[in-house]
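Here's the letter readout for the chains.
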Amino acid sequence: MNFVDLIIAVLAVAFAAIGYERGLLASALPLAGFVLGAIIGGRLGPALLTQGGESPYAPLVTVVCGLLLGTVLAVVMEGVAEAVRLHFLPRGGVFGQVDGLAGAVLLGALGLLLAW
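Definitions and limits used
- All residue numbers refer to position in the chain's written sequence, counted from 1.
- Only residues with pLDDT of 70 or above have their local features reported here, since the model is predicted, and side-chain atom pairs are shown and tallied only from 80 upward, although totals for entire chains, interfaces and linings are computed over all residues.
- Side-chain metrics rest on all non-hydrogen atoms present in the structure, leaving aside hydrogens and water.
- Starting at the N terminus, helices and strands are each numbered in turn, a helix being any DSSP run of H or I of at least four residues and a strand any DSSP run of E of at least two.
- Classification of residues uses two cut-offs on accessible area relative to the type maximum, computed with a 1.4 Å probe and protein chains only: under 20% is buried, over 50% is exposed, and between them is partly exposed.
- The contact criterion used is simple: two residues touch if any of their non-hydrogen atoms lie within 4.5 Å.
- Here the Shrake-Rupley method, with its probe set to 1.4 Å, supplies the accessible areas, and only the displayed protein chains count as covering residues.
- Under the convention used here, Asp and Glu are negative, Lys and Arg are positive, and both His and the chain ends fall outside the count.
- For charged residues, the charge sits on one atom: NZ in Lys, CZ in Arg, CG in Asp, CD in Glu.
- Multiplying 1.5 Å by the residue count of a helix minus one yields the expected span of that helix.
- Helix axes use the C-alpha atoms of the stretch in contact, all axes being lines fitted to C-alpha atoms, and the angles between their N-to-C directions lie in the range 0 to 180 degrees.
- Here roughly perpendicular refers to angles of 65 to 115 degrees, roughly parallel to angles under 35, roughly antiparallel to angles over 145, and oblique to all remaining angles.
- Crossing handedness is read from the near helix: turned anticlockwise from the far helix by less than a right angle, it gives a left-handed crossing, and turned clockwise, a right-handed one.
- By the convention adopted, Pro, Cys, Tyr, Trp, Phe, Met, Ile, Leu, Val and Ala count as nonpolar, Lys, Arg, Asp and Glu as charged, and the other residues, Gly among them, as polar.
- Salt bridge, as applied in this entry: a Lys or Arg side-chain nitrogen positioned within 4 Å of an Asp or Glu carboxyl oxygen.
- Each patch is built from residues lacking any salt bridge and having more than 30% relative accessible area; the joining distance is 9 Å for like charges and 5 Å for nonpolar side chains (Val, Leu, Ile, Met, Phe, Trp, Tyr).

Asks: Go over the overall build of the protein, please, and point to the residues and values.
Replies: Each helix and strand in the protein was counted, giving 4 helices and 0 strands. Order of helices (α) and strands (β) in the protein, N terminus to C terminus: α-α-α-α. Evaluated residue by residue, the protein yields a buried proportion of 25% over its 116 residues. Sequence-distant contacts in the protein: of pairs separated by 6 or more residues, those separated by 24 or more amount to 78%. Element-wise, carbon and sulfur atoms account for 78% of the exposed surface of the protein, whose accessible area totals about 7,600 Å². Each charge class in the protein can be summarised by its mean position, and for the 4 positive and 6 negative side chains these summaries are 6 Å apart.

If you want it as structure tokens, here you go:
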């Protein structure tokens, strides 16, 4: 095992710990919101330019729109996830443990995907 493998393992464990603390719902909804916003923003960006996708600024506008819209949707979905979690998922008990373990698996896998 070399130093890069160690960093990847620490990253995946750290992501899994964050996922366990937050739970599946509070981890998955903002992630889905960001991905959906990035896709929509990426499609919307070139449409804002007069030359469309042929503009020399199209890649920059596409990335900026994707990041902005993805961030906005992630924040909105984070609020929705927090409201749902507070009303329907108690932190203790079996449901809280299952939610935490599923969140750990999701964010641990995300950490490995980012390293890949």
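Asks: Break down the environment of Ala-38 for me, citing the residues and quoting the values.
Replies: Mapping Ala-38 onto the fold places it in helix H2 (residues 24-47). For Ala-38, the contacting residues outside a window of four places in its chain are Gly-66 and Gly-70.

Asks: Give a detailed account of H2, specifying residues and quantitative values.
Replies: Here H2 contains 24 residues, and its C-alpha end-to-end distance of 35 Å stays within 8% of the 34 Å for a straight helix at 1.5 Å per residue. Restricting attention to buried positions, one finds in H2 the residues Ala-26, Ser-27, Pro-30, Gly-33, Gly-37, Gly-41, Gly-42, Gly-45 and Pro-46. Close packing links the buried residues of H2 with helix H1 (3-22), helix H3 (58-88) and helix H4 (93-115).

Asks: Can you lay out the packing of H2 against H3 for me, pointing to particular residues and giving the numbers?
Replies: Two elements in contact, H2 and H3, have axes whose closest approach is 6 Å; the angle formed by their N-to-C orientations is 155°. Regarding the angle of H2 to H3, the classification is roughly antiparallel. Where H2 crosses over H3, the handedness of that crossing is right-handed. Of the residues that constitute the contact of H2 with H3, the class distribution is 19 nonpolar, 9 polar and 2 charged.

Asks: Which residues make up H3, and what values do they have?
Replies: The end-to-end C-alpha distance of H3, which contains 31 residues, comes to 43 Å, matching closely the 45 Å that a straight helix rising 1.5 Å per residue would cover. Tucked into the core, H3 has its buried residues touching H1 and H2.

Asks: Tell me about the pattern of salt bridges, and name the residues and values.
Replies: Within this structure, the stated rule accounts for 2 salt bridges. Ionic pairing is found between Arg-85 and Glu-82, a salt bridge with its closest N-O pair at 2.8 Å. One end of the pair is Arg-85 and the other is Glu-82, both in helix H3 and 3 residues apart, which spans about a single turn.

Asks: If you had to explain a nonpolar patch on the surface to someone new, which residues and values would you point to?
Replies: On the surface, Met-1, Phe-3, Leu-6, Ile-7 and Val-10 cluster together into a nonpolar patch covering about 580 Å² of accessible area. By secondary structure assignment, the location of Ile-7 is in helix H1. For Ile-7, a relative accessible area of 46% gives the class partly exposed.

Asks: Explain the environment of Gly-79 to me, using residue names and the numbers behind them.
Replies: Mapping Gly-79 onto the fold places it in helix H3. The class of Gly-79 is partly exposed, set by a relative accessible area of 40%. Spatially, the C-alpha atom of Gly-79 lies 8.7 Å from that of Ala-26, the residues being 53 residues apart in sequence.

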